[in-house]
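Given next are the chains, with one letter for each unit.
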Amino acid sequence: MPDTRLIPLSALQHYAFCPRQCALIHNEQAWSENWLTAQGQQLHQRVDYGLPESRKGIRYERGVEVSAPTLGLTGKLDLVEVEITTGACFPVEYKRGKPKQDHIDLIQLCAQALCLEEMLGLDVPHGAIWYWQTHHRHQVELTPELRQETFNIINSTRELLNSSQTPKAKYEKKCQACSLYDLCNPKLTFRDASRAYVKAIYQENTDEETAK
Amino acid sequence: MKKLQNSLYITRQGAYLHKERETLVIEVEKEKAMQVPIHAIQAIYCFGNVMVSPFLMGFCGENGVHLAFFTEYGRFLGRLQGKQTGNVLLRQAQYKTAELKPELISRNIIAAKLTNSRSVLYRHLRNYAENKSVNQAIIQINSALGRLQKAIQLDSIRGIEGEAAAFYFGVFDELILPSVGEGFEFNTRSRRPPLDRVNALLSFLYSVVGNDISAALQGVGLDPQMGFLHQTRPGRDSLAQDILEEFRAWLVDRLVLSLINRKQIKANDFVIEASGAVKLKDDARKTVLVALQNRKQETVKHPFLNEDVPIGLLPHVQALLLARHLRGDLAEYPPFVPR
C-alpha cells in the first residue's frame, strides 16, 4: 500500500493563519497551550462528547471522523446533521470566537464538506458555523469560488508539509495571539543576528587587548 | 518563555514521594513532611534512597516535570522520561549536523567556554588584587581564542579547548582567598573520583547542572546523547556535555568559588575515603543545592535575546536556540556569553 500522508483538517487553518505555525505544529510537533487554545479545547470537549441523537427527522452526530485519500485530508468534524430520509449531510463547525473578516473558518468548513462528499459520494451544498462569542449560527453556502479557494489552501499546505521545511518567521501583530510565540520567537529569526553575535565574541577579545 | 518553577531536591534518606490529588506529598517515616501543589514544580531530583510512587512518575512524564535519581553522593543514576516527544525532523537535522559538520557549533561553544572562563579570571582581578599569574592566564586564553577563530578541524578545536582549560585551571587555586584557610588547595582538575574538596564541589555541581541541560534538550526535542564536540559514547549525554561547556565557568565555577570564599562550605563538610576520594557530606550537599536553587531564581539579560531570563531557564533557552539553528532559522548557534 502506498504511504500517503493525510493532512489533518486543522492544518489548513493553521496554514491560513501562518505557514510557519503550520509547519511548527504539524512537522515539528510543537504544541503549547495558551488561554485561547485552552478555551477552544474546553468548548470542543463539550461538543465532541455528546451522544448521537435524533430529533424531527435529523440525526445529530458529533466528533465524526473523516478521511479523504484523494484530497489527502483527515480529521474530525464537530457535528454532522444527517437528514434521515434523504441521507443529506450538513456539517457544523463550532468556533470559540466571533465571525471573522477573512475566510479561514469558511475554508475549514468547506474542506470538511469536501471530505464528506468524497467519503459518501453525495453533494454537500451547505454547512454552518456556530460562534460561541455571539451564540449565533451562520449558514454558509459552499460556492464554487469558496471550493476553489479551499483547494488552493489544501495544495499549499500539502506542499509545505511535504517539503519538511519550516518557513522563517515574519513578525506581525497577530503573533501576539499565537500560543507558539515563545517557541517560534518571530523577532529572533525575522532579523537573524547570529553571525554578528558570534563575531562579537571574538571581537571583544581584541578590544580588551587593545585597551590594555 | 517557559515558566521557571521550583526544583525539588530530596536528600532525606528513606523519604517517600507520592501524589495526593493535585498535590505532591513527601513522607518521612510515615509522617507527612511536606505537601505542595504539583503544578508549581518543574523538576524533582532524588538523592540516594528516595522512593517515588508510580502515579507521581506518570504525572511527571505527562507534564514534562523532570524526575531524576542520583546516588547519595550526587552520581547520576537515571531519569524518568515520559512519552517520546515528537520532532523527528529536528533529531534528523541534529544527527546530520553531528555527522557532517559538527565544527561550527563546536567552535561557537568553545568560544563561549573560553570567554566565560576568562570572565571569571577578570572578575577576580576586578574584585581583588592584581595577580600576575592570573593576568598571564588571561593573555594565554586570549591567544587561544584568537587561534580558535581560525580553527576549522574538530581536533584543533578540541586541542585549543584543552590548552585553555589548562591555563585556566592552572591559576584556579589563586581564585581561592587565603583567608579561607586549609583544605581548599586546588592542584589540578580530578574526576571520577575527585581527589580534593574543590574538585568534589565542581564535579557535584557539573553533574547536577548537566542533568538540567539534558532535560532542557529533551524538552525541545533534541537527543541529549548525540553531541557535536563530545564524541558519542554509550551512556553519555554528549550534547548535554557540549552545552555544559558554556555554563561551567559562569555558573558552576563562580558558585563554587563563592561557596568557598564566603565560607558557606567548610573543610569539615567533606569525607575523605581510604582511596583518597573526596565526597560532600549530606548537609553540605543540601547547602550547595540551596545555593544553586537561589542562583537559578536570579535573572540575567540574555545577550542574544536581549531579554531578562531567570538563570534556571538558560539551559532551556540555549536548547531552543540550538534547535532553531539546526532547523535553519539561525545561521549560527549563538552560545551563552553574558556581557
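What counts and what doesn't
- Residues numbered from 1 in each chain as written.
- Chains lettered and ligands numbered in written order.
- Predicted model: local features only at pLDDT ≥ 70, side-chain atom pairs only at ≥ 80, totals over all residues.
- Heavy atoms only, no water.
- 1 Å grid on protein atoms, 1.4 Å probe; cavity = no way out; pocket = protein on both sides within 12 Å on 5 of 7 lines; lining within 4 Å.
- Points joined across faces, edges and corners; volume = space filled by probe spheres on them.
- Nonpolar A, V, L, I, M, F, W, Y, C, P; charged D, E, K, R; others polar.
- Axes fitted to C-alpha atoms, helices over the stretch in contact; angles between N-to-C directions.
- Helix = DSSP H or I, 4+ residues; strand = E, 2+ residues; numbered from the N terminus.
- Parallel < 35°, antiparallel > 145°, perpendicular 65-115°, else oblique.
- Contact = heavy atoms within 4.5 Å.
- Polar contact = N/O pair within 3.5 Å; in protein donor to acceptor, adjacent residues only side chain to side chain.
- Buried < 20%, exposed > 50% of the residue type's maximum accessible area, 1.4 Å probe, protein only.
- Pairing = 2+ DSSP bridges.
- Salt bridge = Lys/Arg side-chain N within 4 Å of Asp/Glu carboxyl O.
- Left-handed = near helix turned anticlockwise from the far one by under 90°.
- Phe/Tyr/Trp six-rings, centres within 6.5 Å; stacked < 30°, edge-to-face > 60°.

**With respect to empty space enclosed by the protein**
Residues and elements named next belong to chain B.
And step 1. This model, assessed by the stated rule, comprises 3 cavities of 30 Å³ or more.
And step 2. In this model, the largest cavity occupies a volume close to 60 Å³.
And step 3. Residue lining of the largest cavity: Val209, Asp212, Phe247, Leu251, Leu292, Lys296, Ile311, Gly312, Leu314 and Pro315, and that is the complete set.
And step 4. Of the residues belonging to the lining of the largest cavity, the class tally is 7 nonpolar, 1 polar and 2 charged.

**Focus: the packing of helix α3 (residues 103-127) of chain B against helix α5 (residues 154-170) of chain B**
All names here are of chain B.
And step 1. Viewed as axis vectors pointing N to C, α3 and α5 meet at an angle of 10°, and their least axial separation amounts to 10 Å. Taken together, the axes of α3 and α5 are roughly parallel relative to one another. On α5, the residues touching Glu103, Ser106, Arg107, Ile110, Lys113, Leu114, Ser117, Val120 and Leu121 of α3 are Leu154, Ile157, Ile160, Glu161, Ala164 and Tyr168.
And step 2. A breakdown of the residues in the contact of α3 with α5 according to their chemical character gives 9 nonpolar, 2 polar and 4 charged.

**Topic: the environment of Thr86 of chain A**
All names here are of chain A.
And step 1. Among the structural elements, Thr86 can be located in the loop between β4 (73-83) and β5 (89-95).
And step 2. In this structure the C-alpha to C-alpha distance between Thr86 and Gln21, which are 65 residues apart in sequence, comes to 40 Å.
And step 3. A polar side-chain atom of Thr86 sits 2.7 Å from a polar atom in the side chain of Glu83.
And step 4. A polar contact is formed between the side chain of Thr86 and the backbone nitrogen of Ala88, at a distance of 3.2 Å.

**Side note on the environment of Gln108 of chain A**
Residue and element names in this part refer to chain A.
And step 1. With respect to the helices and strands, Gln108 occurs in helix α4 (residues 104-120).
And step 2. A C-alpha to C-alpha distance of 22 Å links Gln108 and Glu28, two positions 80 residues apart in sequence.
And step 3. Apart from residues no more than four positions distant in its own chain, Gln108 is found in contact with Gln13, Glu93 and Lys95.

**Observations concerning the pairing of strand β1 (residues 6-10) of chain B**
Residues and elements named next belong to chain B.
And step 1. The buried count for β1 comes to 4 of 5 residues, which makes it a mostly enclosed element.
And step 2. In terms of strand pairing, β1 meets strand β5 (residues 41-47) through 5 bridges, oriented parallel. Bridging from a neighbouring strand, Ser7 pairs with Ala43 of β5.

**Section: the interface of chain A and chain B**
And step 1. If you look at the interface, chain A gives 28 residues, while chain B gives 35 residues.
And step 2. Remark: the boundary between chain A and chain B carries 3 salt bridges.
And step 3. With a shortest N-O distance of 2.8 Å, Arg327 of chain B and Glu28 of chain A are connected by a salt bridge.
And step 4. At the boundary of chain A and chain B, one finds 11 residue pairs in polar contact (both at pLDDT 80 or more).
And step 5. Taken together, the elements giving at least two residues each to the side of chain A that touches chain B come down to α2 (19-26), α6 (181-184), α7 (186-190) and α8 (194-211) of chain A.
And step 6. Ranked by the residues each element gives to the side of chain A that touches chain B, the list is headed by α8 of chain A, at 11 residues.
And step 7. Its residues assigned to classes, the side of chain A that touches chain B shows 9 nonpolar, 9 polar and 10 charged.

**So, the packing of α3 of chain B against helix α4 (residues 132-150) of chain B**
Residue and element names in this part refer to chain B.
And step 1. α4 packs onto α3 with a crossing angle of 165° between their chain directions and a minimal axis gap of 10 Å. With respect to each other, α3 and α4 are oriented roughly antiparallel. Here α3 runs over α4; the crossing is left-handed. Residue-level contacts link Arg107, Ile110, Ala111, Leu114, Thr115, Arg118, Leu121, Tyr122 and Leu125 of α3 to Val134, Asn135, Ala137, Ile138, Ile141, Asn142, Ala144, Leu145, Leu148 and Gln149 of α4.
And step 2. Looking at the contact of α3 with α4 residue by residue, the classes come out as 13 nonpolar, 4 polar and 2 charged.

**A word on the sheet that holds strand β4 (residues 31-37) of chain B**
For sheets, the rule is that strands pair by backbone hydrogen bonds, running either parallel or antiparallel.
All names here are of chain B.
And step 1. Ordered by their spatial adjacency, 4 strands build an open sheet running β4-β3-β2-β6, and the pairing between neighbours is mixed. One side of each edge strand has no neighbouring strand; the edge strands of this open sheet are β4 and β6 (51-52).
And step 2. Alignment of strand β2 (residues 16-20) against strand β3 (residues 23-28), held across 5 bridges, turns out to be antiparallel. Within the sheet, the bridge partner assigned to Tyr16 lies in β3 and is Glu27.
And step 3. The strands touched by helix α1 (residues 54-63) are β2, β3 and β6; relative to β2, the strand with the most contacts, the crossing angle is about 70°.

**As for the pairing of strand β3 (residues 58-68) of chain A**
All names here are of chain A.
And step 1. Across 3 bridges, strand β2 (residues 53-55) lies against β3 in antiparallel orientation. Across the sheet, the residue bridging to Glu53 is Tyr60, located in β3.
And step 2. Following β2, the chain reverses through 2 residues before pairing antiparallel with β3; Lys56 in that reversal takes a positive phi of roughly 45°.
And step 3. Two elements, β3 and β4, share 10 bridges in a ladder whose sense is antiparallel. From the neighbouring strand, Glu61 faces β4, where its bridge partner is Val80.

**What about the packing of aromatic side chains?**
Residue and element names in this part refer to chain B.
And step 1. In total, this model carries 11 aromatic pairs over all chains according to the counting rule given.
And step 2. Taken together, a centroid distance of 5.5 Å and an interplanar angle of 20° make the contact between Phe247 and Phe336 stacked. In this pair, Phe247 sits in helix α7 (residues 238-261) while Phe336 sits in the segment after α9 (314-326), placing the two residues 89 residues apart along the sequence. Neither Phe247 nor Phe336 differs from the other in exposure class; each is buried.
And step 3. An aromatic cluster of three or more residues is present, and its members are Tyr9, Tyr45, Phe47, Phe70 and Phe204.

Note that every value here comes from positions in space, so none of it alone points to a role or purpose.
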